[in-house]
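Overview (structure and organization)
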Amino acid sequence: MTRQNITVLGSTGSIGVSTLDIIRRHPERYRAYALCAHSQVDKLFAQCQEFQPVFAVVRDAQLAGDLAGRCRAAGLATEVRFGLDALIELSADPEVDAVMAAIVGAAGLEPTLAAARAGKKVMLANKEVLVMAGELFMHAVRENGAALLPVDSEHNAIFQSLPADFARGLTACGVRKILLTASGGPFRNTALADLHSVTPEQACAHPNWVMGRKISVDSATMMNKGLEVIEARWIFDAAPDLIQVVVHPQSVMHSAVQYADGSVLAQLGNPDMRTPIAYAMAWPERIDAGVEPLDIFAVGRLDFQQPDLERFRCLQLAYDVLHEGGTAPAILNAANEVAVAAFLDCQLPFLGIARLNEAVLDALPAGSEGSLADVLAADAEARSCAAQMIRERRFA
Ligand code: NAD
Ligand code: MG
């Protein structure tokens, strides 16, 4: 078996660390070729010592100098690079077989797109890429013979529950509905009046999953599920009304597909991201992921509820921008990134996130999602609009 060279975008994050755990368990299959992080140099240096990648990438020249010095002193041959250009090059590098796209937010768009354009196997956790530029990205995947393997647990479950040739069309495959499950986050049962005073720590305390802070807040507002509806629309070429969000508090059924003959196929498992990561990495094979087997007796029961679109306004906004099309999803994504950062920085109350997102969408008309430049321009405009509204303390 030839070893696959992997570039990990976001190696120091929650998904990145789980990806490295799969590489650690299967050194005969995978080699960490490039490890890319932002500013956590200590953590990246420890990863370099263990995995001895050919390249490591950090945010800027100063951090690169720091890391390079440490690597040299430790006798490592790892070459340290920095910045967006390095991320793009190492995603498209001819030596690379597969790219784990696990940067959080819009920052991952260009490197992930570069991987698709270079025809790589793209393992996609960074859902914001598809939200911002779904049409462009899917076009790049198809035109360049890239393989897109969803890592987001729901999309991975849907992928596993669809026939291998689903690209010929969901309706032709007899699909009636995609059942996209959602835990409902930490505030599923919190009274609306109490949501005003929620703190970042409370919002980040997800009942079932341990994740980065941005996606944790997105789960609490259910913006995450909204982003996932858009993600599913693109990965599976699914009409929006085919995608039904289902609140399932146990997070054991990771999503399902309902067929014309009455069958429902689902994927179940413990909430551990190493399952979808290992599936994406080894596809079409299956390998040990270090995940505890699901104890179905301990789970006991599975509950399902309709989502509350009034309480979770962000989920409704996602359906709205999907309907509007063009750059509207990119505008929502950018506003939300600014809103979540402001909330984590105690500059915006929890309920201000949805209000800010809606206000930015109202303020900015969507254009067509023509080129990458159009998407990046819409992203930049929405960020500055959102930042200004925060400075004016409109939703304080
Ligand atoms: P995280 O915050 O734990 O990690 C983010 C990673 O991105 C870090 O390695 C960080 O260094 C890097 N990064 C951040 N900004 C960067 C920039 N400007 N340039 C380069 N690198 C940058 O996030 P996470 O929870 O691992 O999530 C990563 C992505 O995966 C997100 O898009 C998230 O929605 C998605 N996802 C995560 C989970 C999960 O369980 N954590 C599940 C499904 C999908
Ligand atoms: Mg998910």
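These lines cover the structure that appears in this document, whether it is placed above or below. Every value quoted in this text rests on a predicted model; they were computed, and no experiment measured them.

Turning our attention to the coordination of the magnesium ion (ligand 2). The protein atoms donating to the magnesium ion (ligand 2) are D152 (OD), E154 (OE) and E228 (OE), with metal-donor distances spanning 2.1 to 2.2 Å. Each donor residue of the magnesium ion (ligand 2) belongs to the same chain, and together they define the spacing D-x1-E-x73-E. Of this pair, D152 sits in the loop between β7 (147-150) and α7 (153-161) while E228 sits in helix α10 (residues 223-235), and the two are 76 residues apart along the sequence. The exposure classification of D152 matches that of E228, with both residues buried.

As a further point, take the site of ligand 1. Taken together, 22 residues lie around ligand 1, and T12, S14, I15, E128 and G212 are the ones closest in. Contact between ligand 1 and G10: an oxygen atom at 3.3 Å from a main-chain N or O atom of the residue. A distance of 2.9 Å separates an oxygen atom of ligand 1 from a polar backbone atom of I15. Its free accessible area being 830 Å², ligand 1 has 87% of it covered by the protein chains.

As summarised here, the arrangement of the seven strands in space is β4-β3-β2-β1-β5-β6-β7, forming an open sheet in which the pairing is parallel. The open sheet has two edge strands, β4 (79-82) and β7, and neither has a second partner. With direction set aside, neighbouring strand axes in the sheet form an average angle of 25°.

Spatial strand order, β9-β8-β10-β11: four strands in an open sheet with mixed pairing. Each edge of the sheet is formed by a strand with only one pairing partner; in this case those strands are β9 (243-247) and β11 (264-268). Taking the axes of each pair of neighbouring strands and ignoring which way they run, one obtains an average angle of 20° across the sheet. By the bridge criterion, five bridges tie strand β8 (residues 175-182) to β9 in an arrangement that is parallel. Across the sheet, residue I178 finds its bridge partner in β9, namely I243. α7 rests against β8, β10 (253-259) and β11 of the sheet, and its axis sits at about 40° to β10.

What follows covers the side chain of N126. Looking at the element boundaries, N126 is found in the loop between β6 (121-124) and α6 (128-143). If we skip the residues at most four places from it in the chain, N126 touches A101, A102, I103, V104, G105, G108, L109 and T112.

The residue Q202 is located in helix α8 (residues 200-204) in this model. Apart from the residues within four sequence positions on either side, Q202 is in contact with P186, F187 and S197.

For any pair of aromatic rings, the description rests on two quantities: the centre-to-centre distance and the angle between the ring planes. Evaluation of the coordinates by the stated rule reveals seven aromatic pairs. Their ring planes at 80° and their centres at 5.8 Å tell us that F159 and F166 sit as a pair that is edge-to-face. Seen in terms of ring centroids, F159 and Y279 are 6.3 Å apart; in terms of plane orientation they differ by 75°. Their pairing is edge-to-face. Linking F159 in helix α7 with Y279 in helix α11 (residues 274-282), this pair joins segments that are 120 residues apart in sequence.

Rules and cut-offs
- Residues numbered from 1 in each chain as written.
- Chains lettered and ligands numbered in written order.
- Predicted model: local features only at pLDDT ≥ 70, side-chain atom pairs only at ≥ 80, totals over all residues.
- Heavy atoms only, no water.
- Donors = N, O, S within 2.8 Å, 3.2 Å for Na, K, Ca; no water.
- Helix = DSSP H or I, 4+ residues; strand = E, 2+ residues; numbered from the N terminus.
- Buried < 20%, exposed > 50% of the residue type's maximum accessible area, 1.4 Å probe, protein only.
- Near = heavy atom within 4 Å.
- Polar contact = N/O pair within 3.5 Å; in protein donor to acceptor, adjacent residues only side chain to side chain.
- Areas by Shrake-Rupley, 256 points an atom, 1.4 Å probe, with all protein chains shown as cover.
- Pairing = 2+ DSSP bridges.
- Axes fitted to C-alpha atoms, helices over the stretch in contact; angles between N-to-C directions.
- Contact = heavy atoms within 4.5 Å.
- Phe/Tyr/Trp six-rings, centres within 6.5 Å; stacked < 30°, edge-to-face > 60°.

Remember, this is a structural readout, not a statement about activity or role.
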